[in-house]
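For reference, the chains in residue letters:
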Amino acid sequence: MSFGLPPTIPTELQQYNSYVEDPKWQRKFSIIWAAGVGIAALAALPSVVRALRRGRLLRGWLTGVSEDPKSRNYSPAVGTDVVPPKSTRRINGLLDTLWSTTLWSLPGVELDLGQMIVVAAYLILTIMCITMQAPLMDNPNRAGFLALAQFPVVFLFGTKNSILSLLLGPGHGYEKLNYIHRWAGRGIFIGSAVHGAIWINNHLVYDLPILGQQKETSGVAAFGVLCGLVLTSFRPVRRFFYQSFFIIHVLGYVAFFITICYHTTYAVPWIFPPLAFYGFDMLLRLFRYRIKDATLVPVDNNMTLIHVHDCDNGWVAGQHVRLRIFFSGRFFESHPLTIVNAPASTSCIPGNALTLAARVRGDWTRAINKFASEEQERLVTEKGEQPGVPVQVMIDGPYGGSSVDLGDYESVLLVAGGAGATFTLGLLDDIVARCVKHGRRNGEKTRRIEFAWCIRSYGCIQWFAPMLMDIANTVAGTSLDLHVSIFVTCLCNPEAVPPIPNSDVVITRPSVTALLRDLVTPPSPSHSRHKVDIDAKSIDSDSEEGGMGGDVEKPSASARLSWVGLGGGVAVCAAGPESLTREAQNAVARISLTRGVELGGIGLHTELFAI
């Protein structure tokens, strides 16, 4: 005798099972953000392929900074000067112009328009996955499940050595991806806060104890640790108390993982991907750590140069390393410093050292400068010479780099503020050597370069004057035009102006928009005649004119540089304080809107010298 099928509960009367339904939303969330990363990687594929062909993508990625005994004291042979043919960047110019619309930035906002769109899309996705088809007020578990699903995002975009840096191409190091790490962490906080707040409210409504059992107690503990992580990761804390922030961040995530695993067994699978990302990061660092002999040279009370010896290769111009100096018991501190020069094979600077520059800003850089000055004074007294101060250092890297290959553009504008010149100098050293010493063997198109540097006093010029003179002398008489504009904002020590060929030193605060507009504007006939006259002047005459503070009109870059026409593209690289990089972004976005396609596109890379 058959009684038929068992009765089924109507859908509208079924109780919501969060342990079945919510993991499905975790998977949906993961698939969507992973698809977004995949689309970004596909869009970056052409630049990745170009960098791979030119040997710039993987250089130093696995082995770090390297030493080649065969190339010791290597000086690249001077190649035949090659005049590149006129080029037009139609398709790339259109793509650059479209991309420039995402560069707009507002004062006081860390993100540009493109980054804000990415963050907004991420937060909308998170909130939608938390709220869609979920009875949150009765069962807030969905928010907790979505908080767990964001663990891989936080670590993928937060580790120093992320596979994303390879997939997205040069110039997408951890410092460029870190904003997603920060906002994903805040996404975890949003999910946890919603989950915890509704859960506490329900316990109060039904008169249940909030603390007592392991699940409740460990949940409150995990949320407390998360609140500490979020509060100490805001920008003022990172900037002024970085070491404290770093220690709290590392220990806090360990404590958070432990407490969250006690809170729910559903957290365990989501901890394995972060551990894998972090383990890969640590493993790669072990391959790239180097302990080297170095020399500290205190240029003045505000700058210390660090020459790391026997470093021939393993980095690309514009990258940085994390440095530890073994002095005065401070070898536990590691700080990022940009490499000032290009590798020996593509450098205009003789020698096989890696040069770093530490501007006196915080207690660590101040201690280095004081130590180097005192030790050098002692060595001068004992030995009667100034050899610099020998130390041992540990370097980890390289990291970062420029997303713009200057060799793809006919015109280049390099803008730096203060110590930001460490970034632009490395790029200048590299592109000049590639065009002049290597005869443009990779098809470099660069014809004209404007190097602009804004500093507080004339004495700051001495920081990098020898490098600038070596590079300017290399360019002289070739098909590559270089003009150096140094803007001084304070009339201090005006006699300390070195003889850098084809340079102007003036007392004014520059406008990036004006510099860029001047570079892409054809010179007037009067300026063309004036160029012949000013080029015949000595650098002393130029410096004296600059020191007059505006009595003589400064010749424009278009008058100093040979005009090569339009359509070959313009590369802009800016490094320094946030105000300068923001101005560069807005300048490129503004000019691209009206003249981007005509110019062949304006490529931009900014390097923010702040935490």
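Just above sits the structure.
Residues numbered from 1 in each chain as written. Predicted model: local features only at pLDDT ≥ 70, side-chain atom pairs only at ≥ 80, totals over all residues. Heavy atoms only, no water.

A. Structural context of the overall build of the protein. A tally of regular secondary structure across the protein gives 20 helices and 12 strands. Here the protein holds 611 residues, and 53% of them are scored as buried. A fraction of 79% describes how many contacts in the protein between residues 6 or more apart in sequence connect residues 24 or more apart. In the form shown here, the protein has an accessible surface area of approximately 28200 Å², with 62% of it arising from carbon and sulfur atoms. (Helix = DSSP H or I, 4+ residues; strand = E, 2+ residues; numbered from the N terminus. Buried < 20%, exposed > 50% of the residue type's maximum accessible area, 1.4 Å probe, protein only. Contact = heavy atoms within 4.5 Å. Areas by Shrake-Rupley, 256 points an atom, 1.4 Å probe, with all protein chains shown as cover.)

B. Looking closely at the sheet that holds strand 10 (residues 503-507). Across the sheet, six strands lie side by side as 10-9-8-7-11-12; this open sheet has parallel pairing. Looking along the sheet, the strands with just one partner apiece sit at the ends: strand 10 and strand 12 (602-608). Averaged over neighbouring strand pairs, the angle between their axes works out to 10 degrees when direction is ignored. Note: strand 7 (residues 411-417) against strand 8 (residues 448-455), seven bridges, orientation parallel. Across the sheet, the residue bridging to Leu-414 is Phe-451, located in strand 8. Packed on one face of the sheet, helix 16 (residues 512-519) meets strand 7, strand 8, strand 9 (481-488), strand 11 (570-576) and strand 12 and runs near 160 degrees to strand 7. In the packing of helix 20 (residues 578-599) onto the sheet, contacts are made with strand 7, strand 11 and strand 12, and the angle to strand 12 comes to roughly 175 degrees. (Pairing = 2+ DSSP bridges. Axes fitted to C-alpha atoms, helices over the stretch in contact; angles between N-to-C directions.)

C. View of unusual backbone geometry. Gly-397 connects to Pro-398 through a cis peptide bond whose omega is 15 degrees. Mapped onto the fold, Pro-398 is located in strand 6 (residues 389-400). Although it is not a glycine, Asp-310 sits at a positive phi angle of roughly 60 degrees. With respect to the helices and strands, the residue Asp-310 is situated in the loop between strand 2 (303-308) and strand 3 (319-325). With phi around 55 degrees, Arg-440 is a residue other than glycine that occupies positive phi space. Tracing the backbone through its elements, the reader meets Arg-440 in the loop between helix 14 (421-437) and strand 8.

D. Fine view of the sheet that holds strand 6. Pairing is antiparallel across the open sheet formed by six strands, whose spatial order is 4-3-6-1-2-5. Strands with a single pairing partner mark the edges of an open sheet, and in this sheet they are strand 4 (335-338) and strand 5 (354-359). Recorded for the sheet is a direction-independent mean angle of 40 degrees between the axes of neighbouring strands. Across six bridges, the pairing between strand 1 (residues 290-300) and strand 2 is antiparallel. For Leu-296, the partnering residue across the bridge sits in strand 2 and is Ile-306. Its contacts with the sheet put helix 8 (residues 174-205) on strand 3, strand 4 and strand 6, and the angle it makes with strand 3 is roughly 90 degrees. Each of strand 1, strand 2, strand 3, strand 4, strand 5 and strand 6 is contacted by helix 13 (residues 363-383), which is oriented at about 80 degrees to strand 1, the strand it contacts most.

E. Just the packing of aromatic side chains, in detail. In total, this model carries 20 aromatic pairs according to the counting rule given. Consider the rings of Tyr-174 and Tyr-399, whose centres lie 5.5 Å apart with planes at 90 degrees: the pair is edge-to-face. Taken together, the residues Tyr-174 in helix 8 and Tyr-399 in strand 6 connect sequence positions 225 residues apart. Tyr-399 shares its class with Tyr-174; the two are buried. Between Phe-327 and Phe-371, the ring centres sit 5.3 Å apart and the planes meet at 45 degrees, which makes this aromatic pair tilted. Of this pair, Phe-327 sits in the loop between strand 3 and strand 4 while Phe-371 sits in helix 13, and the two are 44 residues apart along the sequence. Residue Phe-327 is classed as buried on the basis of its relative accessible area of 4%. By the ring-pair criterion, three or more aromatic residues cluster together here, those being Phe-151, Phe-155, Tyr-253, Phe-256 and Phe-257. Residue placement shows Lys-28 over the ring face of Trp-25; its charged tip is 4.0 Å from the ring centre. The aromatic ring of Trp-183 is capped on one face by Arg-186, whose charged end is 4.6 Å from the ring centroid. (Phe/Tyr/Trp six-rings, centres within 6.5 Å; stacked < 30°, edge-to-face > 60°. Lys NZ or Arg CZ within 6 Å of the ring centre and 35° of its normal.)

F. Quick peek at helix 15 (residues 465-475). What helix 15 keeps buried is the set Ala-465, Met-467, Leu-468, Ile-471, Ala-472, Thr-474 and Val-475. Looking at the buried positions of helix 15, the neighbouring elements they touch are helix 14, strand 8 and strand 9. Once helix 15 ends, the next one or two residues include Gly-477, with phi positive near 80 degrees.

G. How the structure looks around the packing of helix 4 (residues 113-131) against helix 8. Running from N to C, helix 4 and helix 8 point in directions that differ by 25 degrees, and their axes come no closer than 10 Å. Judged by the inter-axis angle, helix 4 sits roughly parallel to helix 8. Crossing angle aside, the handedness with which helix 4 passes helix 8 is right-handed. Taken together, the residues of helix 8 that come into contact with helix 4 (itself represented by Gln-115, Val-118, Val-119, Tyr-122, Leu-123, Thr-126 and Ile-130) are Tyr-179, Ile-180, Trp-183, Ala-184, Gly-187, Ile-190 and Gly-191. Each residue belonging to the contact of helix 4 with helix 8 can be placed in one class, and the counts come to 10 nonpolar, four polar and no charged. (Parallel < 35°, antiparallel > 145°, perpendicular 65-115°, else oblique. Left-handed = near helix turned anticlockwise from the far one by under 90°. Nonpolar A, V, L, I, M, F, W, Y, C, P; charged D, E, K, R; others polar.)

H. Region of interest: the nonpolar core. Counting residues in each nonpolar core, the largest one holds 49 residues, and the members touching the most others are Leu-428, Val-432, Trp-453 and Phe-464. Breaking this core down by element, the ones donating at least two residues are strand 2, strand 7, helix 14, strand 8, helix 15, strand 9 and strand 11. Aside from chain neighbours lying at most four places away, what touches Val-432 is Cys-348, Lys-437, Ile-449, Ile-471, Thr-474, Val-475 and Leu-480. In this structure, Phe-29, Leu-123, Ala-143 and Ala-184 belong to the second largest nonpolar core, which totals 43 residues. (Core = buried A, V, L, I, M, F, W, Y, C linked by side-chain atoms within 4.5 Å.)

I. Fine view of the pairing of strand 2. Most of strand 2 sits inside the fold, with five of its six residues counted as buried. The turn joining strand 1 and strand 2, which pair antiparallel and follow one another in sequence, is formed by two residues. Where strand 2 meets strand 5, six bridges bridge the pair, whose relative direction is antiparallel. Its bridge partner lying in strand 5, Thr-304 is registered against Ala-358.

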